[in-house]
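Each chain, written out:
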Amino acid sequence: MVAVSTATASDDEDERVSELLSLQSRSKSGVIRLNDQSLARYITSVKPPRPYSILLFFDAAQLHDKAELRLTELRNEFSIVASSFISNNPSSGGKLFFCDMEFKESQLSFSQFGVNALPHIRLIGPNMGLKDSQPMDQGDFSRLAESMAEFVESKTKLSVGPIHRPPLFSRNQLILIAVVLLFWIPFFVKKLLAGQTLLHDPKLWLAGSVFVYFFSVSGAMHNIIRKMPMFLVDRNDPSKLVFFYQGSGMQLGAEGFAVGFLYTVVGLLLAFMTHGLVRISNVSVQRVVMIFALLVSFLAVKQVVYLDNWKTGYGIHGFWPSSWN
Amino acid sequence: MAASDAHSGASIRHAFGNVLGFFILLLIGVLAFSIRLFSVIKYESVIHEFDPYFNYRVTQFLTKNGIYDFWNWFDDRTWYPLGRVIGGTVYPGLTLTAGTLWWMLNSLNIPLSVETVCVFTAPIFSAFASWATYLLTKEVKGTGAGLTAAVLLAMVNFSSSFVPSYISRSVAGSYDNEAVAIFALIFTFYLYIKTLNTGSLFYATLNSIAYFYMVCSWGGYTFIINLIPMHVLLCIVTGRYSSRLYIAYAPLVVLGTLLASLVPVVGFNAVMTSEHFASFLVFIIIHVVALVYYIKGILSPKMFKVALALVVSAGLAVCCAMVAVLIALVASSPTKGWSGRSLSLLDPTYASKYIPIIASVSEHQPPTWPSYFMDINVLAFLVPAGIIACFSPLSDASSFVVLYIVTSVYFSGVMVRLMLVLAPAACILSGIALSQAFDVFTRSIKLQLPSVSGQSNVDAGEASSGNVVPNDPVKTDKNEDTSKERTSKKSKKKEKEHVEKPVSKSQIKKRLLVLPLETSIIAIILLVLLGAFYVVHSVWAAAEAYSAPSIVLTSHSHDGLHVFDDFREAYAWLSHNTEIDDKVASWWDYGYQTTAMANRTVIVDNNTWNNTHIATVGTAMSSPEKAAWEIFHSLDVKYVLVVFGGLVGYPSDDINKFLWMVRIGGGVFPHIKEPDYLRDGQYRIDSMATPTMLNCLMYKLSYYRFVETDGKAFDRVRRTEIGKKYFKLTHFEEVFTTHHWMVRIYKLKPPKNRIRGKIKKSKSVQNKLENKLEKKRTKKEPLLV
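Just so you know, the residues in each chain are numbered from 1, in the order the chain's sequence is written. To label them, take the chains in the order written and letter them from A, then take the ligands in the order written and number them from 1. Whole-chain, interface and lining totals are the exception, using all residues; otherwise, since this is a predicted model, local features are given only for residues with pLDDT of at least 70 and side-chain atom pairs are given and counted only at 80 or more. Side-chain numbers here rest on the full set of heavy atoms in the structure, without hydrogens or water.

*Asks:* I tried to follow the interface of chain B and chain A on my own but got confused; where do I start?
*Replies:* One frequent convention defines the size of an interface as the accessible area lost when the parts assemble. Residue contacts are defined here by distance: any two heavy atoms, one from each residue, within 4.5 Å place the two residues in contact. Opposite the 61 residues of chain B that make contact, chain A presents 63 residues. Once two parts are brought into contact, the accessible area they lose, counted with a 1.4 Å probe and summed over both, makes up the buried area. A buried area of about 5400 Å², summed over both sides, lies between chain B and chain A, and 80% of it is on carbon and sulfur atoms. Among the residues chain B hides against chain A, the three largest losses belong to W369, F381 and W540 of chain B. Together they make up 16% of the total. We count a salt bridge whenever a side-chain nitrogen from Lys or Arg sits within 4 Å of a carboxyl oxygen from Asp or Glu. Applying the counting rule to chain B against chain A returns one salt bridge. Among the ionic pairs, E518 of chain B bridges to R287 of chain A, the shortest N-O distance being 2.7 Å. Under the rule applied, a polar contact is a pair of N or O atoms within 3.5 Å (in protein, one hydrogen donor and one hydrogen acceptor; residues adjacent in sequence only if both atoms are side-chain atoms). At the boundary of chain B with chain A, the tally comes to eleven residue pairs in polar contact (both at pLDDT 80 or more). Within the residue set of the side of chain B that touches chain A, elements represented by two or more residues are α11 (221-237), α15 (301-332), α19 (369-375), α20 (379-391), α21 (396-414), α22 (419-448) and α27 (517-545) of chain B. Elements are defined by DSSP. Helices are runs of H or I of four residues or more, strands are runs of E of two residues or more, and each kind is numbered from the N terminus. Counting residues per element, the side of chain B that touches chain A draws most heavily on α27 of chain B, at 14 residues.

*Asks:* Whenever I open this one, the packing of helix α30 (residues 611-622) of chain B against helix α31 (residues 625-634) of chain B confuses me. Can you help?
*Replies:* When two helices pack together, their arrangement is given by the angle between the helix axes and the distance between those axes. Residues and elements named next belong to chain B. Throughout, an axis means a line fitted to C-alpha atoms (over the contacting stretch in the case of helices), and angles, computed between N-to-C directions, take values from 0 to 180 degrees. Taken N-terminus to C-terminus, the directions of α30 and α31 make an angle of 150 degrees; their axes are 7 Å apart at the nearest point. Taken together, the axis directions place α30 and α31 in an arrangement best described as roughly antiparallel. For the pair α30 and α31, the crossing hand works out as left-handed. Here T616, T619, A620 and M621 of α30 lie close against α31, whose contacting residues are A628, I631 and F632. An angle below 35 degrees is treated as roughly parallel, one above 145 as roughly antiparallel, one from 65 to 115 as roughly perpendicular, and anything else as oblique. For a crossing to be left-handed, the near helix must be turned anticlockwise from the far one by less than a right angle; the clockwise case is right-handed.

*Asks:* Hey, could you run me through helix α9 (residues 253-276) of chain A in this one?
*Replies:* For an α-helix the count is 3.6 residues per turn, leaving residues at separations of three or four pointing the same way. Multiply 1.5 Å by the residue count of a helix minus one, and that product is the helix's expected span. Look at α9 of chain A: 32 Å from first C-alpha to last across 24 residues, which is about the 34 Å you get at 1.5 Å a residue. Of all 24 residues in α9 of chain A, 17 are buried; the element is thus mostly enclosed. Partly exposed describes any residue whose relative accessible area lies between the buried limit of under 20% and the exposed limit of over 50%, with all areas from a 1.4 Å probe on protein chains only and scaled to the type maximum.

*Asks:* What's the story with the packing of aromatic side chains in this structure? I'm lost.
*Replies:* The relative placement of two aromatic rings is captured by the distance of their centres and the angle of their planes. In this scheme Phe, Tyr and Trp rings, the latter by its six-membered ring, pair at centre separations within 6.5 Å, and the angle between planes marks the pair as stacked below 30 degrees, edge-to-face above 60, and tilted otherwise. Counted by the stated rule, this structure contains 49 aromatic pairs over all chains. Ring centres of Y263 of chain A and F381 of chain B lie 5.6 Å apart, and the angle between their planes is 65 degrees; on these two criteria the pair is classed as edge-to-face. One end of the pair, Y263 of chain A, is in helix α9; the other, F381 of chain B, is in helix α20, on a second chain. For the pair Y263 of chain A and F381 of chain B, one class covers both residues: buried. Relative to F223 of chain B, the ring of F189 of chain B lies with its centre 6.4 Å away and its plane at 70 degrees, an arrangement referred to as edge-to-face. Here F189 of chain B, found in helix α9 (residues 177-198), pairs with F223 of chain B, found in helix α11; they are 34 residues apart in sequence, far enough to count as distant. Taking the relative accessible area as the measure of exposure, F189 of chain B reaches 0% and is therefore buried. Judged by its relative accessible area of 12%, F223 of chain B is buried. What links up through ring pairs into an aromatic cluster is the set F644, Y699, Y703, Y704, F706, F727, W741 and Y746 of chain B. Comment: the charge-over-ring label is applied if NZ (Lys) or CZ (Arg) is within 6 Å of the ring centre and within 35 degrees of the ring normal. For the cation-ring pair, K583 of chain B lies above Y80 of chain B, with the distance from its terminal atom to the ring centre recorded as 4.5 Å.

*Asks:* When you look at the UniProt feature "domain: STT3/PglB/AglB core" (unreviewed entry) in chain B in this model, what are you seeing that I'm missing?
*Replies:* Mapped onto this numbering, the UniProt entry gives "domain: STT3/PglB/AglB core" (unreviewed entry) at residues 581-640 of chain B. Helix makes up 50% of residues 581-640 of chain B and strand 15%, whereas the separation of the span's terminal C-alpha atoms amounts to 14 Å. UniProt positions are given in the numbering used here, feature names are shortened, and annotations may be inferred rather than shown by experiment.

*Asks:* Quick question: what am I supposed to make of the pairing of strand β3 (residues 553-557) of chain B here?
*Replies:* Consecutive side chains along a regular strand alternate between the two faces of the sheet. All names here are of chain B. Two strands pair if DSSP finds at least two bridges between them. Pairing geometry for β3 and strand β4 (residues 560-564), over five bridges, is antiparallel. Within β4, the residue paired with L553 across the bridge is F564. Here β3 folds back onto β4 in antiparallel fashion, the turn holding two residues.

*Asks:* Would you explain the packing of α9 of chain A against α22 of chain B in this entry?
*Replies:* Axis separation between α9 of chain A and α22 of chain B bottoms out at 10 Å; the angle between their running directions is 50 degrees. By the angle class used here, α9 of chain A and α22 of chain B are oblique. Classified by chirality, the crossing of α22 of chain B by α9 of chain A is left-handed. Along the contact surface, α9 of chain A presents L270, M273, T274 and H275 of chain A, while α22 of chain B presents Q436, A437, V440 and F441 of chain B. Charged residues are taken to be Asp, Glu, Lys and Arg, nonpolar residues to be Ala, Val, Leu, Ile, Met, Phe, Trp, Tyr, Cys and Pro, and polar residues to be all remaining types, Gly included. Of the residues that constitute the contact of α9 of chain A with α22 of chain B, the class distribution is five nonpolar, three polar and no charged.

*Asks:* Please clarify how the UniProt feature "transmembrane region" (unreviewed entry) in chain A should be interpreted in this entry.
*Replies:* Residues and elements named next belong to chain A. When the UniProt feature table is mapped onto this chain numbering, "transmembrane region" (unreviewed entry) sits at residues 174-193, 205-225, 257-278 and 284-301. Taken end to end, residues 205-225 comprises 90% helix and 0% strand; its first and last C-alpha atoms sit 26 Å apart. Span residues 257-278 is 91% helix and 0% strand, its end C-alpha atoms 30 Å apart.

*Asks:* What is the right way to read the sheet that holds strand β4 (residues 120-124) of chain A from this model?
*Replies:* Residues and elements named next belong to chain A. Read across the sheet, five strands follow the order β1-β3-β2-β4-β5 without closing on themselves; strand pairing throughout is mixed. The outermost strands of the open sheet, each flanked by one partner alone, are β1 (31-34) and β5 (134-135). Of the strand pairs in this sheet, β1 and strand β3 (residues 96-102) are connected by four bridges, and their pairing is parallel. Note that in β3 the partner of V31 across the bridge is F98. Sitting on the sheet, helix α3 (residues 71-88) is in contact with β1, β2 (53-59), β3 and β4, with an inclination near 160 degrees to β2.

*Asks:* Would you mind going over the nonpolar core with me for this structure?
*Replies:* Burial of nonpolar side chains together is a common tendency in soluble globular proteins. If you look at the biggest cluster of nonpolar residues, it comprises 164 residues, and the most contacted ones within it are Y263 of chain A together with F189, F441 and F567 of chain B. Here the element with the most residues in this core is α22 of chain B; it accounts for 18 residues. The contact partners of F567 of chain B, leaving out residues within four places of it in the chain, are S550, I551, L553, Y590, Q593, V643, Y650, M742 and V743 of chain B. Core analysis: the next-biggest nonpolar cluster, separate from the first, contains 50 residues, A615, W629, V642 and M661 of chain B among them. In these notes, a set of buried Ala, Val, Leu, Ile, Met, Phe, Trp, Tyr and Cys residues joined through side-chain atoms within 4.5 Å is what counts as a nonpolar core.

*Asks:* Mind showing me how you'd approach the sheet that holds strand β6 (residues 601-602) of chain B here?
*Replies:* Across a sheet, paired strands are connected by hydrogen bonds in the backbone, their directions being either parallel or antiparallel. All names here are of chain B. If you walk across this open sheet you meet the five strands as β6-β5-β7-β13-β12, and the pairing is mixed. Each end of this open sheet is capped by a strand with a single partner; those strands are β6 and β12 (732-737). Both β12 and strand β13 (residues 743-748) contribute to a ladder of five bridges, which runs antiparallel. When the sheet's bridge partners are listed, E734 is paired in β13 with Y746. Set on the sheet, helix α28 (residues 566-577) makes contact with β5 (583-585), β7 (637-643), β12 and β13; between it and β13 the angle comes to about 25 degrees. Each of β5, β7, β12 and β13 is contacted by α31, which is oriented at about 75 degrees to β12, the strand it contacts most.

In structure tokens, the structure reads:
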């Protein structure tokens with residue numbers, strides 16, 4: 001009797017594994033979409049130990065537009081891990097399945113897992129039930145696919161292997177670009193020799209260099225590398241927005257661009273006065289424009305000095321003779 | 001008669017300008033030197049920070065043992081047990097410079113110590129750097145002699161001798177590569193522009209030699225060898241090819257590359273790494289272009305069109321082949337032939353993702369906008385005006401400066417350390433902007449002042465001859481016979497004239513280009529105020545922000561000045577109380593100082609060439625005591641040194657650097673997992689800390705007996721009470737803690753005997769002999785307790 005029941009159980013399990021494998025192969029990235037019924041079929045109704053683990057991504061389409069949750073990004077990373085795992089480990093297929101769930105389709109399962117905040121990823125090991133499955137910490141998906149893979153490796157003892165990110169351009173696109181370039185080069189060289197390209201326009205170079213200057217002094221590279229938001233929402237008063245962050249180690253996007261603009265505008269006005277305005281013959285126009293330019297420059301410098309003192313807290317002072325005090 | 005009067009007046013003005021210019025130069029040199037002495041006055045004549053200690057040690061070795069021994073020096077006091085080939089891995093420029101200075105002074109019977117020479121090398125070279133900046137600017141804007149030149153000189157020198165970001169790396173005592181390298185960088189650029197303006201092979205050769213000096217001094221030479229080809233390419237693409245460009249570029253590549261490969265640390269890298277490939281590619285292109293121009297010269301226009309098709313297709317084919325070879329070469333190496341630091345410039349997010357050891361260094365962080373205000377101050381406002389001034393008119397030289405500022409400002413945006421390269425460019429451009437602004441405003445005032453309106457005719461003529469020389473080629477030509485300028489200057493001027501002729505229309509029109517009187521006065525006042533603010537800011541930065549040697553610390557409180565000299569106390573203790581061959585382990589930051597000041601062997605130091613070795617130390621620091629003891633014991637370490645700021649509130653201590661130890665350690669040894677140390681994504685040492693954190697060696701060595709200081713164990717850096725206050729050390733013993741607890745030194749306990757348990761059980765005297773025998777036997781085995 002016992003032998004028969006184990007045999008049927010293992011048949012049952014094999015059947016489920018092959019079902020999952022076929023579901024997996026049908027999905028483009030290898031992520032299986034589960035709902036309440038299929039979750040019951042593959043997890044709750046199978047007696048532990050199951051022959052497979054499931055890594056479950058909880059998704060909600062209605063929250064995709066909330067940028068701070070980064071759901072779509074994480075979902076993409078999740079599918080990258082999935083496809084990398086499948087392509088790296090063809091032999092251990094059937095040990096670990098990557099699945100996701102949509103909130104609208106499977107609200108029951110969300111409540112069964114006790115999930116009430118997203119993003120949320122859970123690993124259901126072979127011996128675990130719904131409640132005691134392991135959630136992934138915030139830190140484990142902070143570094144995206146790489147850290148998810150580490151989490152999987154540490155919990156399941158299965159190795160994910162190197163992450164294969166899809167290249168920026170597909171092969172066909174690359175070929176197309178190469179062909180277009182090849183065709184374009186002779187025309188370009190011809191124009192170049194004639195000296196008629198955009199490259200020969202100093203105004204373009206001027207605009208470009210001033211823009212690069214503006215871009216750099218505004219600390220935009222800092223914002224890109226650190227992925228800083230343009231502004232923050234005030235913690236104490238959610239209706240207020242914080243544009244300026246106090247403390248010199250960090251800056252917000254809007255803040256950087258504002259100060260970068262102030263940095264740049266003074267120089268541009270000065271250059272306008274010395275190069276453009278002198279050529280105008282009307283004295284009163286010159287006078288009005290100059291007063292305006294000087295006022296704006298003065299205010300801009302004053303504002304930057306004020307902001308800098310406020311942000312860094314440095315007390316810049318002169319070293320006057322002591323008898324002056 | 002009137003003409004000759006005007007003539008003699010102009011030449012007096014000319015001479016006056018020259019004399020004034022000379023004195024300004026001299027004073028600026030003195031100023032640039034003396035503003036960097038705050039650290040000596042406020043502290044003492046001492047070498048600063050970390051890297052300078054290594055340079056100092058190398059210089060000592062050089063002066064003691066001579067150049068050949070220095071070249072072949074294998075240092076066994078560091079990276080134990082690997083050692084380091086110093087001669088082949090160090091940029092020797094700074095060391096050789098200071099060594100030569102010391103040797104010269106000593107042969108003049110001025111007995112200065114090596115340390116003194118090292119301390120003052122940076123201020124001396126910053127004076128040179130400000131002079132070089134002036135030369136470069138003069139070459140760029142081509143202002144003739146006279147008062148305008150003096151104004152320009154004052155402005156540029158003034159900004160370059162003050163610019164805080166350069167001060168930060170060149171205060172007295174900051175004996176680092178950048179101190180001489182910035183001078184070399186600017187001087188190389190100056191010679192390049194000089195060659196470009198004159199087309200003289202003499203300057204081209206000098207340029208290669210200056211480049212060689214730069215390669216000797218700093219890894220940043222790759223900036224030159226990429227910027228100059230970029231400029232050449234730009235000139236070619238925008239149709240500015242000339243034989244002068246060829247002379248400026250081709251000898252530099254050939255001679256420069258040959259010379260660069262003489263420096264051991266560069267060697268074959270000069271032809272084999274991707275950083276240099278751009279220069280070779282442009283070298284090929286400029287030859288193709290030169291050939292095209294040559295053929296154009298010898299053929300009739302019709303024939304040329306036929307030949308052009310031929311040459312262009314052949315040239316393109318060659319280029320394509322070369323590009324293919326280059327790409328294949330590049331692709332064959334794992335990092336695509338680029339070093340990590342260069343890659344992180346091109347793809348700014350590269351380092352933070354893949355190389356924690358580069359990302360961990362604070363000067364490799366991207367700066368925020370206050371850094372620009374701190375480091376180039378009001379120059380940040382003036383640079384855009386300078387860019388525009390360079391575009392009107394655009395010459396070969398001014399396009400170079402524009403390219404220089406654009407690339408350096410981008411790079412400085414990626415890494416705060418490269419602010420240093422931006423500084424000279426910012427000085428040049430704001431100097432140009434300021435002198436142009438002063439030119440326009442003073443001219444406006446001068447021509448419209450009611451008191452001189454009667455003489456305005458003469459004045460105007462003179463003013464334009466004195467002030468606006470570049471737009472006045474006819475005048476220069478006239479002056480040529482009588483002027484005492486050297487021939488090179490003359491030929492340069494001819495070049496200038498040829499470049500700028502289309503812009504200068506007429507003298508009369510120039511006179512009319514004025515602004516209203518009152519507003520000009522206000523503008524001048526505002527500009528002067530801006531300059532005054534710059535001086536105040538820079539002096540403040542030099543005195544307060546950048547002059548701390550970081551080896552001696554001070555703090556002001558209500559009861560006066562406190563001096564923290566714990567580092568030297570600790571190093572002195574090490575050198576007096578330990579064996580000469582003992583090995584000291586610490587985090588890599590303190591490696592150079594330990595070897596230089598305590599003269600003890602270290603495991604890792606600031607030359608982070610071996611990631612695995614550093615990861616080993618990081619792993620030991622983040623392991624529990626026993627595992628750490630085993631790691632250290634396997635490295636023959638006898639003492640462990642930790643820096644702890646919790647008592648006095650010194651923020652850059654080892655607990656704050658701990659995340660990098662875990663990250664770097666975990667990168668090589670996967671059993672160290674960062675999440676084990678994190679609570680809610682943060683490193684915490686209070687009661688919320690994770691058990692792994694509370695048991696790791698770094699926590700224990702830092703906080704051992706800390707509770708005895710105030711009874712609460714309150715950490716002033718983290719502003720919290722620590723999580724675990726009472727614990728004992730099992731494998732380490734405290735041997736020395738400095739006055740303010742900033743440096744704590746521990747000794748590894750000797751291996752415990754396995755039999756000790758047995759001794760305690762059988763306390764009988766008879767067994768003693770037996771125990772002794774057993775002890776001898778077990779001594780050979782590695783002991784695991």
